[in-house]
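# Remarks on the overall topology
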Amino acid sequence: MFKYFPHTEEEIKEMLRVAGVNSLEELYSDVPESIRFKGDYDIPEAKSEIELRQLLESFGLLNDQLTSFAGAGVYDHYTPAVIPNIISRSEFLTSYTPYQAEISQGTLHYIFEYQSMMAELTGMDISNASMYDGTTATAEAAIMAMNAGKKCTKVLASRTVDPKTMQVVETYAKYHGFDIEMIDEKDGTTDREDMRRRLAEGGVAGVILQMPNYYGIVEDYTGFTDDIHESKALMIMNSVAADLAVLKSPGEWGADIAVGDGQSLGIPMSFGGPSVGYMCCNEKLIRKMPGRIVGLTKDNRGQRAFVLTLQAREQHIRRQKATSNICSNESLMALYVTIYMSLMGKEGLKEAAKLSYAGAHYLCDELLKTGRFTMAYDKPFFNEFCVRYDGDIDALQERCIAAGYLAGVKIDDHTLMLAVTEKRQKHEIDELVELMKEDAL
C-alpha cells in the first residue's frame, strides 16, 4: 500500500533473517573496504510537500526559457492541455511488454490505435508499437534491410540525412558487421547519379533517404524507388512525423520502410527528451520488423480482443537470438502521440502543418529583405530552411539568446538553419527579424 515509504526496522530484520545474515554489515561483507563510502551523504533535511515543490520549481527557473526558432529534429509544437492529465494516470506509468493480454486490453488497445494512425500517416501497410526515437528507428531499419537482403554487405545513406541520425546508424552498423556508405549531395539534395553508381557496385541492402532532408529541403525523389528496387535493395525513408500531414507520404514515394521521430506530434522538447520513434513497413517485411506488433482478433466468446502477434519469444526473452535489441518500448510516448492525433484529427494536423509552413516562409522572406541574409539553397522547403549570413553567427545567436530567442542551429561558419512551428506568432517573428538585422554585434 505504501510502496514509496522506506523499510521499517522490523522489515529490515525480517529480510536479513530470510537472507541468512545478522546485520547489514554482514550482508555487505564481500564489498572491499577500499571502495566503501564512509562519509556522510549530502542529503538535505526532510521537507514538507510545499517546501519540496518550491525547491524543485527554483531548480526549473535556472533554465533559460527561450522562444525557439530551432529545429534540426526537435520542434516546439503545441501540446493540448488534456494530454499530460491523461497520461499521468497510474495505469499508464509503465511501458513494459504486456504479456498477459487478458489483463492488458487497455494498453494493447491504445497501441493498436497508435499503429493504425501511424500506418495511415506514413501510407504504409504495417506499423510496430513504436521505437525509442527517430535515430534508433533508422538504425533498426538498416539492420532490418540487412536481414532481408541476401549476401549484402552495406547500406547507403544520403549526406542530406541528419548527421546525428547517421552517427547512431554507423554505431549500430559497426557492431552488426556491415558498412555504411554515404551518397554525395548536390546543391543540398541527394545526388541521384552517385546513388546509381554505388548501387551498381552491388551488395547494397538498403538506401536511407530523408524527407524533408536535414537542411529542410523537400527533395524530389521521383524515380529513386525504381533505381533502388532494380538493385534488389530496400528504400528507407526518414521523415518528421508531423510533416506527413501535408507532404507526400513514404508509401506514396514507394518506400519499403518508413521511420522517423514522433516528437513533432505534440511531445514537448523538454530540454532533450523523451521522444518516440516510429517504424512502418510494407506487408512483405512484417516478419523482419523489430519491436512489438499488436493485432486485433476475437476471443472464444466472439468479443473483440487485442494481442501481441507475429513475433517470436526470442525477441523478448532470448535476446541473443533476437533480430533487435528492442524489447520494451516508448509505450507512454506512443500513448502521448495517439491522444495528440486523436484530438487534432486529420484537419487539425493539416492546419498545424500549414501554419508552420506559412510562418517559415514569412520569416525567410523578412530575413532576405534585410540584405544580411541569402538563401543557402534555392530549393523548396517546408517549415525549416537554411540561410547564409554575412556576419558572425555566434555573436548573432548570443544577441538573440540575451533577448529570449533561440535563433536556429548553426550549420557552419556562415550558414544558419531556422525552423518555425504553429506556436510562433507574427510579433515573435518580427521581433526576431529586428534583432537579426541590427548592425552592431
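Given the structure is predicted, the values throughout are model-derived calculations rather than measurements. Within any chain, residue numbers begin from 1 and follow the written order of that chain's sequence. Totals for whole chains, interfaces and linings use all residues, but because this is a predicted model, local features are given only for residues with pLDDT of at least 70 and pairs of side-chain atoms are given and counted only at 80 or more. The side-chain values count all of the structure's non-hydrogen atoms but skip hydrogen atoms and water molecules.

Before going further, it helps to examine the pattern of salt bridges. Within this document, salt bridges are pairs made up of a side-chain nitrogen of Lys or Arg and a carboxyl oxygen of Asp or Glu, the two lying within 4 Å of each other. Tallied over the entire structure, the rule returns 27 salt bridges. For Glu49, the salt bridge goes to Arg53, with nearest N and O atoms at 3.1 Å. Within this pair, Glu49 and its partner Arg53 are both found in helix α3 (residues 49-60), separated by four residues, close to a single helical turn. There is no split in this pair, since Glu49 and Arg53 are both exposed. Among the salt bridges present, the one from Lys369 reaches Glu366, with a minimum N-O distance of 3.0 Å. Of the two residues, Lys369 and Glu366 both sit in helix α12 (residues 331-369), three residues apart, roughly one turn of that helix. Exposure is judged per residue with a 1.4 Å probe applied to protein chains only, and the accessible area is read against the type maximum: over 50% gives exposed, under 20% gives buried, and values in between give partly exposed. For Glu366, a relative accessible area of 19% puts it in the buried group. Each helix is a run of DSSP H or I of at least 4 residues and each strand a run of E of at least 2, with the numbering of both proceeding from the N terminus.

Let's shift gears to the layout of surface pockets. Size it by volume and the largest pocket reaches roughly 1,000 Å³. Contributing elements (two or more residues each) for the lining of the largest pocket: β1 (67-68), α6 (134-148), α7 (163-176), β8 (234-239) and β9 (257-261). Under the scheme applied, nonpolar residues are Ala, Val, Leu, Ile, Met, Phe, Trp, Tyr, Cys and Pro; charged residues are Asp, Glu, Lys and Arg; polar residues are all the others, including Gly. Of the residues contributing to the lining of the largest pocket, the split by class is 15 nonpolar, 22 polar and 10 charged. In this structure, the second largest pocket spans a volume of roughly 290 Å³. As for the second largest pocket, its lining consists of Ser116, Met117, Glu120, Leu121, Leu244, Ala245, Met341, Gly345, Lys346, Leu349 and Lys350. Residues are said to line a cavity or pocket when one of their atoms sits within 4 Å of a point; the points come from a 1 Å grid over protein atoms alone, cavities being sets where a 1.4 Å probe fits but cannot get out and pockets being open sets with protein on both sides within 12 Å along at least five of seven lines. Grid points are joined across faces, edges and corners, and a volume is the space filled by probe spheres set on the points.

Here the focus is the side chain of Asn238. In this fold, Asn238 is placed in strand β8. Any two residues having at least one pair of non-hydrogen atoms within 4.5 Å are treated as being in contact. Setting aside anything within four residues of it in sequence, one finds Asn238 in contact with Gly134, Thr138, Thr165, Leu209, Gln210, Met211, Val259 and Gly260.

Before going further, it helps to spend a moment on the packing of α12 against helix α14 (residues 426-436). Packing of α12 against α14 brings their axes to within 10 Å, and their N-to-C directions diverge by 25 degrees. Between α12 and α14, the angle is such that the two are roughly parallel. Regarding α12 and α14, the two cross each other, and that crossing is right-handed. Residues Gly359, Tyr362, Leu363, Glu366 and Leu367 of α12 form the contact with α14, whose own contacting residues are Lys426, Ile429, Asp430, Leu432, Val433 and Met436. Here an axis means a line fitted to C-alpha atoms, over the contact stretch when the element is a helix, while the angle between two N-to-C directions is reported on a 0 to 180 degree scale. Any angle from 65 to 115 degrees is called roughly perpendicular, while one under 35 is roughly parallel, one over 145 is roughly antiparallel, and all others are oblique. A clockwise turn of the near helix away from the far one marks a right-handed crossing, whereas an anticlockwise turn of less than a right angle marks a left-handed crossing.

A separate point is the sheet that holds strand β14 (residues 384-389). Sheet strands pair via backbone hydrogen bonds, and the direction of the pair is either parallel or antiparallel. Only strands that DSSP links by at least two bridges are regarded as paired with each other. Strands sit in the order β13-β14-β17-β16 across an open sheet of four strands; the sheet is antiparallel. The sheet terminates laterally at β13 (373-375) and β16 (409-412), the two strands that pair on one side only. Recorded for the sheet is a direction-independent mean angle of 40 degrees between the axes of neighbouring strands. Examined bridge by bridge, β14 and strand β17 (residues 415-419) share five bridges and lie antiparallel to one another. Across the sheet, the residue bridging to Phe385 is Leu418, located in β17. Sheet strands touched by helix α13 (residues 393-402): β13, β14, β16 and β17. Its angle to β16, the strand with the most contacts, is close to 180 degrees.

This part covers the sheet that holds β8. Judged by pairing direction, the sheet is mixed, and its seven strands sit side by side in the order β2-β10-β9-β8-β7-β3-β4 without closing on themselves. The open sheet has two edge strands with one neighbour each: β2 (126-127) and β4 (179-183). Here strand β7 (residues 204-211) runs beside β8; their pairing, made up of six bridges, is parallel. Considered in β8, the bridge of Gln210 is made with Asn238. Against the sheet, α6 touches β3 (154-158), β7, β8, β9 and β10 (277-281), its axis set at about 160 degrees to β9. Contacts between helix α8 (residues 192-200) and the sheet are confined to β3, β4 and β7, with β4 contributing the most and set at about 150 degrees to the helix.

On to the packing of α6 against α7. At a closest axis distance of 8 Å, the pairing of α6 and α7 adopts a crossing angle of 40 degrees. On the basis of the axis angle, α6 is oblique to α7. The handedness of the crossing between α6 and α7 is right-handed. Along its contact with α6, which presents Thr135, Thr136, Thr138, Ala139, Glu140, Ala142 and Ile143, the element α7 presents Lys164, Thr165, Val168, Val169, Tyr172 and His176. Of the residues contributing to the contact of α6 with α7, the split by class is six nonpolar, five polar and two charged.

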